[in-house]
Amino acid sequence: VLEICNCSAFQAAVHCFSTFQTLAQKKGPHHTVYWTSGERYQGEWFDNKRQGKGTVIYKNNDKYEGEWAYGLRHGLGTLWIYKELCQNNVHPYQLAQNGKYIVRYNGEWSEDAPTGHGTVFEDNGDTYEGDFLYGQKHGRGRAVYGGRPIDGFGGDVYEGHFENDLKWVLLF
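Along each chain, residues carry numbers from 1 onward, in the same order as the chain's sequence is written. With pLDDT at 70 or above as the cut-off, local features in this predicted model cover only qualifying residues; side-chain atom pairs require 80 or more to be listed or tallied, and sums for whole chains, interfaces and linings still use all residues. Derived side-chain values reflect all non-hydrogen atoms in the structure, with water molecules and hydrogen atoms excluded from consideration.

### Digging into the packing of aromatic side chains
- By convention, a stacked pair of Phe, Tyr or Trp rings (six-membered ring in the case of Trp) has centres within 6.5 Å and planes under 30 degrees apart, an edge-to-face pair has planes over 60 apart, and any other such pair is tilted. Applying the stated rule across the entire model yields 11 aromatic pairs.
- On the numbers, 5.1 Å between centres and 90° between planes, the contact of Tyr-64 with Trp-68 is edge-to-face. Each member of the pair, Tyr-64 as well as Trp-68, is classed as buried.
- Look at Tyr-64 and Trp-109: their rings are 5.2 Å apart centre to centre, the planes differ by 80°, and that puts the pair in the edge-to-face class. Of this pair, Tyr-64 sits in strand S4 (residues 63-69) while Trp-109 is found in strand S6 (residues 99-110), placing the two residues 45 residues apart along the sequence.
- Site record: aromatic cluster; members linked through ring pairs are Trp-35, Tyr-41, Trp-45, Tyr-64, Trp-68, Tyr-105, Trp-109, Tyr-128, Phe-132, Tyr-158 and Phe-162.
- Between Lys-63 and the ring centre of Trp-80, over which it is positioned, the NZ or CZ distance is 5.6 Å.
- In our convention, an over-ring charge means Lys NZ or Arg CZ found within 6 Å of a ring centre and within 35 degrees of that ring's normal. Directly above the ring of Tyr-101 sits Lys-63, whose terminal nitrogen or CZ lies 4.4 Å from the centroid. Under the scheme applied here, a residue whose accessible area is under 20% of the maximum for its type counts as buried, over 50% as exposed, and between as partly exposed, the area being computed with a 1.4 Å probe on protein chains only. Every helix listed is a DSSP run of H or I at least four residues long, and every strand listed is a run of E at least two residues long, numbered separately from the N terminus.

### A look at the environment of Trp-45
- Relative to the elements of secondary structure, Trp-45 occurs in strand S2 (residues 40-46).
- Overall, Trp-45 belongs to the buried group, its relative accessible area being 5%.
- In the structure, Trp-45 is positioned 20 residues away from Gln-25 in sequence and 9.2 Å away in space, judged by C-alpha atoms.

### A few points about the confidence of the model for the protein chain
- On a range of 0 to 100, pLDDT expresses the predictor's confidence in each residue. Of all residues in the protein chain, 75% have pLDDT values of 70 or greater, and the mean over the chain is 83.
- Confidence, expressed as mean pLDDT per element, reaches its minimum in the protein chain at helix H1 (residues 2-5) with 48 and its maximum at S4 with 98.

Below, the structure written as structure tokens:
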């Protein structure tokens, strides 16, 4: 066969490898792809990177559902935190059946960080709805501290400007 195509064994091996490499490229929608790290992703791909809409479940069972660009969370998306309900000697396979997901952040993402408008829900019931820049409260927003977890009733409210995760108060 090598004599017919007039190529060396090395050239044939390179051609064979590049053929398999091309066939292994992920592009378009795919069923679940698993990593040895325990992470799994189901969604769209382009050039072997997450691109378009998709869902990733991380090793700790936290989940991101939303848009991707160049392998990074980018566009609209929701980060869900996994909370275990029963932790007594539960086999890891059964873990997903013994817990619940709680929304941590819902909104715009850019380059893998909350950037743009969104809402964050803290474990203690505090909420913030407003602008973010690289994962920090930055710009106009409304924070509710304490109160009911659903609507913040009875809590302290700050509505105004934030910068680098801090309330920005102008003194005159």
